[in-house]
Structure formats: C-alpha cells, structure tokens
Amino acid sequence: MAGTNAWALARELLPWIVAGILIGATVKTWLPTAWISALEARDWLTPVLALSFATLLYADSLGSLPLVNALLQKGLGPGNGMILLIAGVGSNIATLGPIYREMGTRVAILYACCVMTLALLLGILWNLFL
C-alpha cells in the first residue's frame, strides 16, 4: 500500500520537477546576465516584478527551485528569489482552491493579499540587509 502511494506521488510530481529543471537550465544557459543586472539596478521595481511573475507563473515549489537558483546565479537578489518562492506557492490555484472551498471568497482573497504583501515586504527587507 505505501509503495503504491509513493509511486502515485512520484508520477504526480515528477513532470513538474522535470519541467522546473528544464526551465532552470534554459534560463541559466540562454538568459543574458545583463538583463538581470539591469533589473537589479532598479531597487524598487525588481521585487514588484518578482511578485507579479510569481503569481502569474507557478509550477510548484520543487519545480520553482531550479528556476530561482538559475536566476540567483545570474545576479537576482536573494530577497527577490525569496519572493518568487513564497508568493508562487502561497498564491497559486492549488493553495487558494481549498481555502476558497472551505472558508469562502473573502478569506481566500484576504489570504492571497496577505501572502503577497508579506512576501514583498520580506523580500525587500532581505535585499536591504543581505
């Protein structure tokens, strides 16, 4: 029984992990470092862009790690990487769906707004002190 569950979980997660690895490898290989450096030069804009990107494009936390790692190696600030990970996981449909079903629309919206606001604030602070 446990072996069956493990294989089912592996079949469910493996495509997302592979997609994250491929996207991360593509970013690491083809994205010019100058683009990330140009973004990082705008202290106030980069965290907002990271938050927007995280809420729009989400794989899962395991699939996002290779992408964020590649962006960090290209020069993305650590706080902006943290924003990508926290906001992506906290504001996706897989997270908001159960909250909406169990607690309603208002709570789901409030939860998403709180996650995004806290991720943005923590990312900005992280960039300032690291």
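Rules behind the numbers
- Residues numbered from 1 in each chain as written.
- Predicted model: local features only at pLDDT ≥ 70, side-chain atom pairs only at ≥ 80, totals over all residues.
- Heavy atoms only, no water.
- UniProt positions renumbered as here; feature names shortened; annotations may be inferred.
- 1 Å grid on protein atoms, 1.4 Å probe; cavity = no way out; pocket = protein on both sides within 12 Å on 5 of 7 lines; lining within 4 Å.
- Points joined across faces, edges and corners; volume = space filled by probe spheres on them.
- Helix = DSSP H or I, 4+ residues; strand = E, 2+ residues; numbered from the N terminus.
- Nonpolar A, V, L, I, M, F, W, Y, C, P; charged D, E, K, R; others polar.

As recorded in an unreviewed UniProt entry, the protein goes by Permease and comes from Acidithiobacillus caldus. We quote the UniProt Subcellular location (unreviewed entry) comment for the protein here in full: "Cell membrane". Note on the protein: under the UniProt heading Sequence similarities (unreviewed entry), the record states "Belongs to the UPF0718 family."

What to know about the layout of surface pockets
The gaps left among the atoms become clear once a water-sized probe is rolled over them. Estimated volume of the largest pocket: approximately 260 Å³. Lining the largest pocket are 13 residues, and of these Ile-36, Leu-39, Phe-53, Leu-71 and Leu-76 sit closest to its centre. Taken together, the elements giving at least two residues each to the lining of the largest pocket come down to α2 (33–40), α3 (45–56) and α4 (61–73). No other element matches α3, which puts four residues into the lining of the largest pocket. Across the lining of the largest pocket, the residue classes tally to twelve nonpolar, one polar and no charged.

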